[in-house]
Amino acid sequence: MGHEVAHMGAEEPEFEWDDGKAAENLNKHGIAFHEAKEVFGDPHPTDAPVKLGKGGEIRRRRTGRIKGAGPTITVIYTMRNDGRTTRIISARPAKRKERSEYDNNKMQTW
């Protein structure tokens, strides 16, 4: 299982993922999970619950940019360990509607 501590501010969020799933995701969508975690440092993301996962866990969809000016991507994730660990489930290029929501949110928060 992949596990990293990201340095993105005062607190240091922890990220984890399944290495097999990460390899499949990179092959299918061209986005590595270690890069996808940068969306959590975007100052203008959109974030919403999407569905219940296995065992009733709440899955969320976060749309933002990699490295500020990079591509807009959408990450599906869940929180673990009382909210201390973000488990990345998938990452892909954002769909048109998601990009539009992100752009609208970004304009409203400036």
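Refer to the structure printed above.
Rules behind the numbers
- Residues numbered from 1 in each chain as written.
- Predicted model: local features only at pLDDT ≥ 70, side-chain atom pairs only at ≥ 80, totals over all residues.
- Heavy atoms only, no water.
- Core = buried A, V, L, I, M, F, W, Y, C linked by side-chain atoms within 4.5 Å.
- Buried < 20%, exposed > 50% of the residue type's maximum accessible area, 1.4 Å probe, protein only.
- Helix = DSSP H or I, 4+ residues; strand = E, 2+ residues; numbered from the N terminus.
- Contact = heavy atoms within 4.5 Å.

Caption draft 1: Examining the nonpolar core more closely. Formed by 14 residues in total, the largest nonpolar core has its most connected members in W17, F33, A36, I73, V75, I88 and A91. The set of elements that each furnish at least two residues to this core consists of strand 2 (14–17), helix 2 (33–36), strand 5 (72–80) and strand 6 (85–93). With 3 residues, strand 5 is the single largest residue contributor to this core. When neighbours within four sequence positions are excluded, F33 is seen to be in contact with W17, K21, A22, N25, I88, I89, S90 and A91.

Caption draft 2: Here's a closer look at the environment of P49. Structurally, P49 is set in strand 3 (residues 46–52). Of the residues examined, P49 reaches a relative accessible area of 54% and is grouped as exposed. Each C-alpha atom of the pair P49 and I76 lies 9.3 Å from the other, and the pair is 27 residues apart in sequence. Contacts of P49, omitting those with residues within four sequence positions, involve I58, R59 and R60.

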